[in-house]
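Residues per chain, in single letters:
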Amino acid sequence: MTSKKAVCVITGASRGLGESIALNFAPKFSDGSVIILMARNKSALDNVLHRVQEKAPTVCVIAKEYDQGSLDNELFSSILSNALEEAGVQPADFEQALLVNNAGSIEPLVYIRNLLGVNEISKYFNSNVAGMIALTSTFVKIFPATLGVDRLVINISSLAAVQPLKSLSLYCAGKAARDMFFKVLAAEEENIRVLNYAPGPLVTDMADAIINTAEDDDLRHSMGDAKARNNLLTCDMSVQKLLQVLEKDTFQNGSHLDYYDV
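Reading the values: the criteria
- Residues numbered from 1 in each chain as written.
- Predicted model: local features only at pLDDT ≥ 70, side-chain atom pairs only at ≥ 80, totals over all residues.
- Heavy atoms only, no water.
- UniProt positions renumbered as here; feature names shortened; annotations may be inferred.
- Pairing = 2+ DSSP bridges.
- Helix = DSSP H or I, 4+ residues; strand = E, 2+ residues; numbered from the N terminus.
- Axes fitted to C-alpha atoms, helices over the stretch in contact; angles between N-to-C directions.
- Contact = heavy atoms within 4.5 Å.
- Core = buried A, V, L, I, M, F, W, Y, C linked by side-chain atoms within 4.5 Å.
- Buried < 20%, exposed > 50% of the residue type's maximum accessible area, 1.4 Å probe, protein only.
- Phe/Tyr/Trp six-rings, centres within 6.5 Å; stacked < 30°, edge-to-face > 60°.
- Lys NZ or Arg CZ within 6 Å of the ring centre and 35° of its normal.
- Right-handed = clockwise from strand over helix to strand, strands pointing away.

An unreviewed UniProt entry lists the protein under the name Sepiapterin reductase, from Pomacea canaliculata. Looking at the Subunit (unreviewed entry) heading of the UniProt record, one finds this comment for the protein: "Homodimer." In its Sequence similarities (unreviewed entry) section, the UniProt entry covering the protein states "Belongs to the sepiapterin reductase family."

Written as structure tokens, this is what we have:
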């Protein structure tokens, strides 16, 4: 991905890992590249936009308010084309198109027996799985194989996709579903590079949510102990490892790769 003229879409870009991805990816792209930042909090997103512009002044940065839990088909079918139009570019203007599916949530952090019901469960999967699938489908349509643009799709996964964690049933199930969806994408679209990247335990609001509200005592205490001992990773540390993986480009297509696997 280094030095290519690229369009890069990053969801959940207003804070945490998404913000770090934007700030660390932007300087890697050549002049005239476009980064599309997407998140629910537009004011926080605009702040990230200004920081990215300062770090990569030759890259065009677009911020779009984006609720991945929305049930509005128009949002998912038009948000990328609207962003490209706002930047004054066409899909064929680029050498590479990237989609980083980072947006996600972790609550509720309760045992399965204490889930509140179908509305809470449906809301979780709409936001963490269904909306992500809809956006990815739109991305593949806008950048088809016939366009001749290199395509890369990154799913921000988790250890929870492959290991059960008590009181994180919805999070584990959602991450596992996302991993399999992207394995299918890699099988269907053989000329798309697809990576399920688990960034490791990070110093983010999600870690704090586990420490403060997880129903399982062992999980809550282990995360709290890791934070107290400074054993959590910074977002920048994890993103630098991700960049190394992408630049080496030897991962099996559609595979799940953890920070500690590299």
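Okay, back to it.
### A few points about the sheet that holds strand 4 (residues 96-101)
In a beta sheet, neighbouring strands pair by backbone hydrogen bonds and run either parallel or antiparallel. Reading across from one edge, 3-2-1-4-5-6-7 is the order of the 7 strands in this open sheet, with parallel pairing throughout. For this open sheet the edge positions go to strand 3 (60-65) and strand 7 (256-258), each flanked by a neighbour on one side alone. Strand-to-strand twist across the sheet, computed as the mean angle between neighbouring axes with direction ignored, equals 20°. Bridging between strand 1 (residues 6-11) and strand 2 (residues 34-39) involves 5 bridges; their strand directions are parallel. The residue of strand 2 that forms the bridge with Thr11 is Met38. Running at roughly 180° to strand 4, helix 4 (residues 118-142) makes contact with strand 1, strand 2, strand 4, strand 5 (150-156) and strand 6 (192-198) of the sheet.

### Regarding the nonpolar core
If you look at the biggest cluster of nonpolar residues, it comprises 40 residues, and the most contacted ones within it are Ile10, Phe25, Ile35 and Leu37. Apart from the residues lying within four places of it in its own chain, the contact partners of Ile35 are Cys8, Ile10, Ala22, Ala26, Phe29, Val52, Val59, Cys60, Val61 and Ile62. Among the nonpolar cores identified, the runner-up in size contains 30 residues, and Val7, Met38, Phe94 and Ala97 belong to it.

### Quick word on the packing of aromatic side chains
As enumerated under the stated definition, the model contains 5 aromatic pairs in all. Residues Tyr259 and Tyr260 carry aromatic rings whose centres are separated by 5.0 Å and whose planes lie at 85° to one another, so their mutual orientation is edge-to-face. One cation-aromatic arrangement involves Lys5 over Phe94; the distance from NZ or CZ to the ring centre is 5.9 Å. Sitting over the face of the ring of Phe251, Arg193 holds its NZ or CZ atom 4.0 Å from the ring centroid.

### Let's talk about the pairing of strand 6
Counting buried positions along strand 6 gives 6 out of 7 residues, so the element sits mostly inside the fold. Here strand 5 pairs with strand 6 via 6 bridges, running parallel. Residue pairing across strands places Arg151 opposite Ile192, the latter belonging to strand 6. Taking the sense of rotation as the criterion, the β-α-β connection linking strand 5, helix 5 (residues 169-188) and strand 6 turns out right-handed. Pairing analysis gives 3 bridges linking strand 6 to strand 7, with the strands arranged parallel. Bridging across to strand 7, Asn196 finds its partner in His256.

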